[in-house]
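Residue-level listing of the chains:
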Amino acid sequence: MSLNILIVGAGICGPALAMLLQKTNPQNNIKIVERFPSLRLAGQQVDLKTQAPHILRKMGLMDEIKSRCVNETGLEMVDSKGKQVAFFGASAAGESRPGLTSEHEIMRGDMVQVLYDASLKQDAEVRATSGGTAGVTYEFGQTITALNQSPNGVEVTFLDGQQARYDLVVAADGQGSRTRRLAFGKEVSDASFKSLGIHGGYFSIPRIQDEGSLARGHLAPGSRMIMTRTSDRPVTGVLLFTTKASPTLNAAYKESIEKQKEAFIEMFRDSDWQADRLMAGLAASEDFYAHELGQVKMDQLSTGRVVLLGDAGYCPSPFTGLGTNLCLMGAYVLAGELARQGNDVVGALKSYDEKMRPFIDDCQQYSPGTLSLFFPSSRLGIWSMLQLLRAVAKMSGLFSRSPKEDEHWKRIPEYPELKLTS
Ligand SMILES: Cc1cc2nc3c(=O)[nH]c(=O)nc-3n(C[C@H](O)[C@H](O)[C@H](O)COP(=O)(O)OP(=O)(O)OC[C@H]3O[C@@H](n4cnc5c(N)ncnc54)[C@H](O)[C@@H]3O)c2cc1C
């Protein structure tokens, strides 16, 4: 049976799901609406580990992804003069060494672009062979304003006042999902966001000569962490994090990007490593993105015929490095269950929920208490943390291929119904 499906959000999991749903059944009619006027390509590096490389391989996209991966060779922690105090190498696929860098890391924008392009390419091929009108269509600068459910479908009202009926609505609109709020109510939706007490700001600045393929990390007094990541790119990605309570930062998220920049400059202007360069770069940056880091924890991933996918349903937070992996796994399992039980959408959504729980639990193990250890406030606290990191770095050769990592691909459920390559 073919389905009329609306996906809200053209980030990472939206286009991935659209591809999988069309591959399963070329008669599925799939519309994706994206709030931004074009693809939203901002963001820094995202890790591809655990199940993600296997799913991308099944989708036939891993070669393209690999060709776009950045070449970061590890992380050095530096003091306020830029001198190395600890070094962590990159982890090969299947290894779980302490550190920041995985074998497969890609800029978020490249990842979004690869999935978007691949979904359009597949759509053109399907339309050419089937000659039908069903397919994948994107609408930018569009979102939804109301949802009305009946047992047989969901009536959706769009921003421009248009209305349409769908068999299934997928919320793929990220951590602050508006679709989640419309479907589950403001109270449930707001309560699902569990703050980690960390503010993060990400942006790109011009690269300087002494920056090589190593990422650099620095702990600054006042519970602040700064990272730069250059790899083999012409620009340097900067990540600013703080656990310091700040009503100014909290209030800024509801305001313009310029106000958010001002709030981050206020917080980091007296940090003791490269402050002048980083703050000038922040002020001039065109890709600044900031948010309060947190996890989304929902008791149910669906209500009626509306289902949550990716960060909208189970954001693990960028600090885990697992958001992209989990959202690709979600797209794969959701498409698989719909392919298997297409005549029973609600049943398929329940099975998706059950199958995803163990993966979600694995990825959401961090607690605010543990993370706060990485944000010492005083110079003595920073010195102690750096001694600890130095000792861990020296022992990192002892962390080898862990059996758990090897198990990742074996845990992926098989769905022959998805008609994928392997
Ligand atoms: C701008 C941006 C930068 C990011 N940078 C990083 C990073 O540097 N490191 C990292 O680990 N993770 C980053 N993330 C988060 C990361 O992309 C996700 O954790 C993960 O990949 C899961 O992706 P997703 O598709 O569920 O959500 P997202 O990648 O967040 O995509 C959600 C999409 O939905 C769109 N959207 C939002 N609201 C609506 C609405 N009401 N109607 C229609 N569309 C809507 C958004 O514009 C976006 O395109 C970033 C996300 C965004 C949006």
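Provided above is the structure to which this section pertains.
Below: a short report on this structure. These numbers come from a predicted model, not from an experiment. (Residues numbered from 1 in each chain as written. Predicted model: local features only at pLDDT ≥ 70, side-chain atom pairs only at ≥ 80, totals over all residues. Heavy atoms only, no water.)

A short note on the sheet that holds strand β8 (residues 144-150)
Spatial ordering of the open sheet is given by β8-β9-β10, a layout of three strands whose pairing is antiparallel. Either end of the sheet is taken by a strand with one partner, and the two such strands are β8 and β10 (163-166). Pairwise comparison of adjacent strand axes, ignoring direction, gives a mean angle of 20 degrees for this sheet. Looking at chain direction, β8 and strand β9 (residues 153-158) are connected through six bridges and run antiparallel. Pairing of Ser 150 across the sheet is with Gly 153, part of β9. (Pairing = 2+ DSSP bridges. Helix = DSSP H or I, 4+ residues; strand = E, 2+ residues; numbered from the N terminus. Axes fitted to C-alpha atoms, helices over the stretch in contact; angles between N-to-C directions.)

A short note on the pattern of salt bridges
Counted under the stated rule, the structure contains 22 salt bridges. When the shortest N-O distance is used, the salt bridge between Glu 76 and Arg 216 registers 2.9 Å. Pair noted here: Glu 76 is in strand β4 (residues 74-78) and Arg 216 is in strand β13 (residues 214-220), with a separation of 140 residues, a long-range link. Of the two residues, Glu 76 and Arg 216, both sit in the buried class. We note a salt bridge from Arg 411 to Asp 362, for which the minimum N-O separation is 2.8 Å. Of this pair, Arg 411 sits in the segment after α15 (403-406) while Asp 362 sits in helix α12 (residues 345-363); the two residues are 49 residues apart in sequence, bridging distant segments of the chain. Using a relative accessible area of 30% as the deciding quantity, one classes Arg 411 as partly exposed. Among the charged side chains, a network of salt bridges with common partners joins Glu 64, Arg 68 and Asp 110. (Salt bridge = Lys/Arg side-chain N within 4 Å of Asp/Glu carboxyl O. Buried < 20%, exposed > 50% of the residue type's maximum accessible area, 1.4 Å probe, protein only.)

Here we look at the sheet that holds strand β11 (residues 168-171)
Two orientations exist for strands paired in a sheet by backbone hydrogen bonds: parallel and antiparallel. Across the sheet, six strands lie side by side as β7-β2-β1-β11-β18-β17; this open sheet has mixed pairing. Among the strands making up the open sheet, the edge pair consists of β7 (136-140) and β17 (302-303). As paired strands, β17 and strand β18 (residues 306-308) are joined by two bridges and run antiparallel to one another. Across the sheet, the residue bridging to Thr 303 is Val 306, located in β18. The strands touched by α12 within the sheet are β11, β17 and β18, with β18 carrying the most contacts at an inclination of about 15 degrees. (Contact = heavy atoms within 4.5 Å.)

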